[in-house]
Amino acid sequence: MIEFHTPEWYTYVFIYVMLVISLVPIIAISRSNDPAARIAFAASFSTKLACLIIAAGIFRQDWMIGCIGAFILIVGDAGMLLLSLLEMKLRS
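**Student:** Give me the lowdown on the overall build of the protein chain, citing residues and values where you can.
**Tutor:** Per the secondary structure count, the protein chain includes three helices and zero strands. Going from the N terminus to the C terminus, the protein chain shows its helices and strands as α-α-α. Computed over its C-alpha atoms, the radius of gyration of the protein chain comes to 16 Å, more than 25% above the 12 Å expected for a compact globule of 92 residues. Expressed as lengths along the three principal axes of its C-alpha atoms, the size of the protein chain is roughly 55 × 25 × 10 Å. With 92 residues in all, the protein chain has 18% of them scored as buried. Looking at the protein chain alone, contacts between residues at least 24 apart form 57% of all its contacts between residues at least 6 apart. When the accessible surface of the protein chain is totalled, it reaches about 6900 Å², and 74% of it is carbon and sulfur. Charged side chains of the protein chain number 6 positive and 6 negative; the gap between the two group centres comes to 15 Å.

**Student:** Could you give an account of the confidence of the model for the protein chain, with specific residues and numbers?
**Tutor:** Looking at the protein chain, pLDDT values average 83 and 91% of them are 70 or higher. Taking the mean pLDDT of every element in the protein chain, the minimum, 81, falls on helix H3 (residues 63–91) and the maximum, 87, on helix H1 (residues 9–31).

**Student:** I'd love a proper account of unusual backbone geometry, names of residues and values included.
**Tutor:** Unlike most non-glycine residues, Gln61 shows phi in positive territory, near 60 degrees. By the secondary structure assignment, Gln61 is in the loop between helix H2 (35–60) and H3. By relative accessible area, which is 45% here, Gln61 ends up partly exposed.

**Student:** Describe in detail a nonpolar patch on the surface, supporting the description with residues and values.
**Tutor:** A cluster of nonpolar side chains, Trp9, Tyr10, Val13, Val17 and Ile21, forms an exposed patch at the surface whose accessible area comes to about 540 Å². Within the fold, Ile21 resides in helix H1.

**Student:** Outline the environment of Cys51, supporting the account with residue identities and numerical values.
**Tutor:** Summarising the element assignment, Cys51 is placed in helix H2. With 31 residues separating them along the chain, Cys51 and Val20 place their C-alpha atoms 13 Å apart.

Quick notes on the rules
- Residues numbered from 1 in each chain as written.
- Predicted model: local features only at pLDDT ≥ 70, side-chain atom pairs only at ≥ 80, totals over all residues.
- Heavy atoms only, no water.
- Helix = DSSP H or I, 4+ residues; strand = E, 2+ residues; numbered from the N terminus.
- Rg over C-alpha atoms; globule rule 2.2 N^0.38 Å.
- Buried < 20%, exposed > 50% of the residue type's maximum accessible area, 1.4 Å probe, protein only.
- Contact = heavy atoms within 4.5 Å.
- Areas by Shrake-Rupley, 256 points an atom, 1.4 Å probe, with all protein chains shown as cover.
- Lys, Arg positive; Asp, Glu negative; His and termini not counted.
- Charge placed at Lys NZ, Arg CZ, Asp CG, Glu CD.
- pLDDT = per-residue confidence, 0-100.
- Patch = residues over 30% accessible without salt bridge, like charges linked within 9 Å, V, L, I, M, F, W, Y side chains within 5 Å.
- Salt bridge = Lys/Arg side-chain N within 4 Å of Asp/Glu carboxyl O.

Below, the structure written as structure tokens:
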């Protein structure tokens, strides 16, 4: 039987700090006009959220959530790379 432990208070503090930090790229996206910079900021945001999902999986001791976070990290970064290469090709 799978047994989940009740998270301690510091795990919630860590998760909330990670959420606040992940809002920084959102502010940068709203202030930027350059499409390439906006793609880079969006990649930063997706990386932070994937790390947040991995951390939440570790804190809950549920490795399936951690695996999903790792999958999002890998696929999301590859998608952002393809999008930035397409943007560079369209600009030239």
